[in-house]
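Inside the fold
Here's the letter readout for the chains.
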Amino acid sequence: MVFDRMDFSNTFNPRTPYFWPVMVGGPYTTVKKYTPQECIDKYDNYVKSYKYWDKSEDNYFYYPHVFLSAFYSRYNLKKKSGIDRDRTLVFADSGGFQLLSKKATPETWTRAMALGWAEENASITPILDWPSRGEKSFAESLAFTEDSARYAVENRSSDKLKILNVVSGADITEYGAWIDKLKDYPLDGWAHGGGGTLIAMVEVIILMINKGIYRPGMKPAIHHLFGISSPASMTWVAFIQRMLNKLDIPVRMSYDASSASMAIGMGKWTRDININGSSGWAFAKKNLELKENFEHFKVFGFGCDCPVCRGITNLEELLHQDTYTSTLYLLGFLNNVYHQLRFKHSMDHMMILGNQELFTACMPRLYSKTFKVLEELFLNPETKAHSLTADLIKVGHQAMESFEPKNPLTSFMEG
Ligand SMILES: [Zn+2]
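Residues numbered from 1 in each chain as written. Predicted model: local features only at pLDDT ≥ 70, side-chain atom pairs only at ≥ 80, totals over all residues.

This paragraph deals with the overall build of the protein. What the protein contains, in helices and strands, is 20 helices and 10 strands. Within the span of the protein, comprising 415 residues, buried residues form 45% of the whole. Across the protein, the fraction of contacts at a sequence separation of at least 24, relative to all contacts at a separation of at least 6, is 73%. (Helix = DSSP H or I, 4+ residues; strand = E, 2+ residues; numbered from the N terminus. Buried ≥ 20, exposed ≤ 12 C-beta atoms within 10 Å, placed from the backbone. Contact = placed C-beta atoms within 7 Å.)

Set out below in structure tokens:
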């Protein structure tokens, strides 16, 4: 099958956000088990390599970003997966979440292990943090994380690896105290949990500006948000990037999302992302329903013109029980990532490179209002910071009053 490969790499403009799709569950199981060629040989519907991150592969689309959890540290990436940071940007999570969820302890997963593995394999990694919401107190989490910042500064040796400081806390006061304690460690940017809300996303960035950490003339840095996934949040990140660019602050936004994997786990085969939809995942069908609709698919296909769907020639095989996980999950993941990338690409183009006025006029009123509040904040960070939360909550409440309950912003604001 011949078609042009879409290239989603952002090399044309370094002032657009980084985005890292996270592969988990079924798709990851298949990748662990089979090489791209084995998938192509074994199953009808694989016509290209699943390695979208590698330019040298004959793949469905090209996007050189891979996000890996600390779990991957047991593998030699180059040998096992052919993931080479000289060709692909690799974001290696440090394992703070594994510590919090007790999948690891500071004894079984040490700072030396986290940093050592990242120095060998990754392009970007956060320090090993202890998120401030477990059994440890705020002060204990902060002390543990500060030790990690110090460790990283004293022991880093690879100039191929950027290391990010981590912010944690329950509210703006805790964020502020945390940042004050860690801000003097010379690292390459910051990462924190977006908390699922626009408020948490913006609060930390405004604090950074008010504390003079993010300012024109600073050393270029990366600001990463963990676990941001909805189309609405991709839009906010693009807008925040626009504001940083406008203020001439050389900070590049970055975020990861496992939603493409999670969605296919629930049988969601995205066809197109609808900005007014409740989640944007248009093919919201349970696995079972997907199979029951088989006859419908047989007649109408997936109704999608993406390169993954265009390679599907045998629906029966795709939905067959025996090969279910190996085909549906990984191809569904690739389809979903493709649509996320297409959405992000268009959004970045409109928000950052293109005409914001046109975009604002075409967006639901709620988005336009929120853009205005955000713009006010970024242009007057000091005078507006105190009312930041109040202003954004007000917009959120207006959203709840004036839009249907499933509006993306409303659910986003509710976290
Ligand atoms: Zn498709």
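A rise of 1.5 Å per residue sets the reference length of helix 9 (residues 231–246), with its 16 residues, at 22 Å; its end C-alpha atoms lie 23 Å apart and thus fit the reference within 8%. Summarising burial for helix 9: 14 of the 16 residues are buried, a large majority. Just past helix 9, the residue Asp248 takes up positive phi, approximately 60°. (Expected span 1.5 Å × (residues − 1).)

What follows covers the environment of Lys181. Mapped onto the fold, Lys181 is located in helix 7 (residues 172–182). Under the C-beta neighbour-count criterion, Lys181 is labelled partly exposed, with 15 such atoms within 10 Å. C-alpha of Lys181 to C-alpha of Glu146: the two residues are 35 residues apart in sequence and 7.6 Å apart in space. Residue contacts for Lys181: discarding those within four places in its chain leaves Leu142 and Glu146.

Positive phi is not limited to glycine here, since Asp248 has a value of about 60°. Topologically, Asp248 is positioned in the loop between helix 9 and strand 10 (251–257).

Before going further, it helps to examine the confidence of the model for the protein. On average, residues of the protein carry a pLDDT of 79, and 77% of them reach 70 or more. Note that pLDDT drops below 50 for residues 273–288; the model gives that stretch 33 contacts with residues more than four away or on any other chain. Across residues 397–415, confidence stays below pLDDT 50; counting only partners more than four residues off in sequence or on other chains, it has 34 contacts. (pLDDT = per-residue confidence, 0-100.)

Of all the positions in helix 5 (residues 111–121), only Ala114, Leu115, Trp117, Ala118 and Asn121 are classed as buried. The buried residues of helix 5 occupy an angular sector of 165° when projected down its axis, which confines them to one face. (Arc of directions from axis to C-beta.)

This part is about the environment of Pro126. Tracing the backbone through its elements, the reader meets Pro126 in strand 6 (residues 124–126). Residue class for Pro126 comes out buried when judged on the 30 C-beta atoms lying within 10 Å of it. Considering only alpha carbons, one finds Pro126 and Ser94, 32 residues apart in sequence, at a separation of 5.8 Å. In contact with Pro126, not counting residues within four places along its chain, are Ser94, Leu164, Val166, Ala191 and His224.

Before going further, it helps to spend a moment on the nonpolar core. Counting 102 residues, the largest nonpolar core has Val202, Val237, Ile240 and Leu334 as its most contacted members. When neighbours within four sequence positions are excluded, Val237 is seen to be in contact with Pro17, Leu225, Ile228, Met253 and Tyr255. (Core = buried A, V, L, I, M, F, W, Y, C linked by C-beta atoms within 7 Å.)

With that out of the way, let us pick up the pairing of strand 8 (residues 189–193). Side chains on a regular strand alternate between the two faces of the sheet. Here strand 8 lies mainly inside the structure; five of its five residues are buried. Of the two faces of strand 8, the one carrying Gly189, Ala191 and Gly193 and the one carrying Trp190 and His192 are both buried. As defined by bridge partners, strand 7 (residues 162–167) adjoins strand 8 across three bridges and the pair is classed as parallel. If you follow Asn165 over to strand 8, its bridge partner there is Trp190. (Pairing = 2+ DSSP bridges.)

What follows concerns the packing of helix 6 (residues 138–155) against helix 7. It is at 10 Å that the axes of helix 6 and helix 7 come closest, and there the two elements cross at 30°. Comparing the axis directions of helix 6 and helix 7 gives the class roughly parallel. Crossing geometry of helix 6 relative to helix 7 is assigned as right-handed. The residues of helix 7 that touch helix 6, namely those facing Phe138, Leu142, Glu146 and Ala149, are Glu174, Trp178, Lys181 and Leu182. For the contact of helix 6 with helix 7, a count of residues per class yields five nonpolar, no polar and three charged. (Axes fitted to C-alpha atoms, helices over the stretch in contact; angles between N-to-C directions. Parallel < 35°, antiparallel > 145°, perpendicular 65-115°, else oblique. Left-handed = near helix turned anticlockwise from the far one by under 90°. Nonpolar A, V, L, I, M, F, W, Y, C, P; charged D, E, K, R; others polar.)

Another aspect to go through is the packing of helix 7 against helix 8 (residues 198–210). Here helix 7 crosses helix 8 at 45°, and the two axes come no closer than 10 Å. Classified by the angle between their axes, helix 7 and helix 8 sit oblique to one another. The interaxial crossing formed by helix 7 with helix 8 has right-handed handedness. On helix 8, the residues touching Ile172, Tyr175, Gly176 and Ile179 of helix 7 are Glu203, Val204 and Leu207. The residue inventory of the contact of helix 7 with helix 8, partitioned by class, reads five nonpolar, one polar and one charged.

Right, let's get into the environment of Tyr175. When you line up the elements, Tyr175 lands in helix 7. According to the C-beta neighbour criterion, Tyr175 is buried, with 21 such atoms within 10 Å. Between the C-alpha atom of Tyr175 and that of Glu203, which follows or precedes it by 28 residues, the distance is 8.5 Å. The residues touching Tyr175, leaving out its near neighbours within four places in the chain, are Val167, Gly169, Glu203, Val204 and Leu207.

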